[in-house]
2 protein chains.
Amino acid sequence: MGDSLQPQLKVSFRKSIAMGPGKAALLDAISKNGSISAAARELGMSYRRAWILVNTMNNSFLSPLVETLTGGKRGGGARVTEFGEEVLYQYRSMEEKATKSVRTEMRRFAEYMRD
Amino acid sequence: MGDSLQPQLKVSFRKSIAMGPGKAALLDAISKNGSISAAARELGMSYRRAWILVNTMNNSFLSPLVETLTGGKRGGGARVTEFGEEVLYQYRSMEEKATKSVRTEMRRFAEYMRD
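It should be emphasised that the depicted structure is a prediction, and the values quoted were computed from it without experimental measurement. (Residues numbered from 1 in each chain as written. Chains lettered and ligands numbered in written order. Predicted model: local features only at pLDDT ≥ 70, side-chain atom pairs only at ≥ 80, totals over all residues.)

Caption draft 1: Structural detail: the overall build of chain A. The helix and strand inventory of chain A stands at 6 helices and 4 strands. Going from N to C terminus, chain A has its helices and strands arranged as β-β-α-α-α-β-α-β-α-α. When burial is assessed residue by residue, chain A has 30% of its 115 residues classed as buried. Intrachain contacts of chain A at a sequence separation of at least 6 include 45% that bridge at least 24 residues. (Helix = DSSP H or I, 4+ residues; strand = E, 2+ residues; numbered from the N terminus. Buried ≥ 20, exposed ≤ 12 C-beta atoms within 10 Å, placed from the backbone. Contact = placed C-beta atoms within 7 Å.)

The structure is reproduced here in structure tokens:
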């Protein structure tokens, strides 16, 4: 990873982050892998941690972003719900818009920094 | 603190965050208090942690953002340099611009969340 000059969007709900870069990456990985454990592995995250992040998201929004399928926690895989995909899409759109809005300033800011 | 629906800007340098919400708040507090230890106290942060954040900032930018005055680490106080004030100003401006750019979308996004 090189230098990152990019706004990060963190949306808080009460005291927890409801949506942020880590949770968005996890949603992407669950969507791709169809399982929380495979997603966690891909991101180098413990299963326990991934599960906590999923729970926080599911508890912060009006309806679940991720649902687990039959077979229990580790057994039957998981999927991002239609609502979850919509939330993720809106989040990515905001991220892109915020990034674009300060692109020029970010480039100027980078000149203040060491090589 | 209520819900926060605000982009956070984190500017990374190599593997560390060179500037972000915590470091910007620390710069503000040093500027106001004229001392790292008083700033740390105001933010409920250990002196050690504040000192680490200051070092990271000073090492990430072309010249120091904070300089300590005679009397040693704890003795003589500290001040935000002119360059540090400029970096902070540019950071705050980007933060404001990024926030404004997604204000409408953030309001819509908030409707996805629980009350």
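There is more to say after this.
Caption draft 2: A look at the confidence of the model for chain A. Taken over all residues, the pLDDT of chain A has a mean of 87, while the share at 70 or more is 86%. Across the interfaces of the predicted complex, the ipTM metric reaches 0.80, alongside a pTM of 0.81. (pLDDT = per-residue confidence, 0-100.)

Caption draft 3: Up close: the environment of B:Thr99. Mapping B:Thr99 onto the fold places it in helix H5 (residues 82–101). Between the C-alpha atoms of B:Thr99 and B:Lys23, which are 76 residues apart in sequence, the distance is 18 Å.

Caption draft 4: Seen up close, helix H1 (residues 21–33) of chain B. All names here are of chain B. Between its first and last C-alpha, H1 extends 18 Å over 13 residues, near the 18 Å set by a 1.5 Å rise per residue. The set of residues buried in H1 consists of Lys-23, Leu-26, Leu-27, Ala-29 and Ile-30. The arc enclosing the buried residues of H1, seen along the axis, measures out at 165 degrees, which places them on a common side. Tucked inside the fold, the buried residues of H1 contact strand S2 (16–19), helix H2 (36–43), helix H3 (47–60), strand S3 (66–68), strand S4 (78–80) and H5. Count one or two residues on from H1 and you reach Gly-34, which has phi positive near 65 degrees. (Expected span 1.5 Å × (residues − 1). Arc of directions from axis to C-beta.)

Caption draft 5: Fine view of the environment of B:Lys23. All names here are of chain B. Its location among the elements puts Lys-23 in helix H1. For Lys-23, a count of 23 C-beta atoms within 10 Å translates into the label buried. Once the C-alpha coordinates of Lys-23 and Ala-50 are considered, the two residues, 27 residues apart in sequence, prove to be 8.7 Å apart. Filtering out sequence-adjacent residues up to four positions away, Lys-23 remains in contact with Ile-17, Leu-53 and Met-57.

Caption draft 6: Representation of the packing of H1(B) against H2(B). All names here are of chain B. Two numbers describe how H1 lies on H2: the axes approach to 8 Å, and their chain directions differ by 125 degrees. Taken together, H1 and H2 sit at an angle that is classed as oblique. For the pair H1 and H2, the sense of crossing is right-handed. Judged by residue contacts, Ala-25, Leu-26, Ala-29, Ile-30 and Asn-33 of H1 engage Ile-36, Ala-38, Ala-39, Glu-42 and Leu-43 from H2. Split into classes, the residues belonging to the contact of H1 with H2 amount to 8 nonpolar, 1 polar and 1 charged. (Axes fitted to C-alpha atoms, helices over the stretch in contact; angles between N-to-C directions. Parallel < 35°, antiparallel > 145°, perpendicular 65-115°, else oblique. Left-handed = near helix turned anticlockwise from the far one by under 90°. Nonpolar A, V, L, I, M, F, W, Y, C, P; charged D, E, K, R; others polar.)

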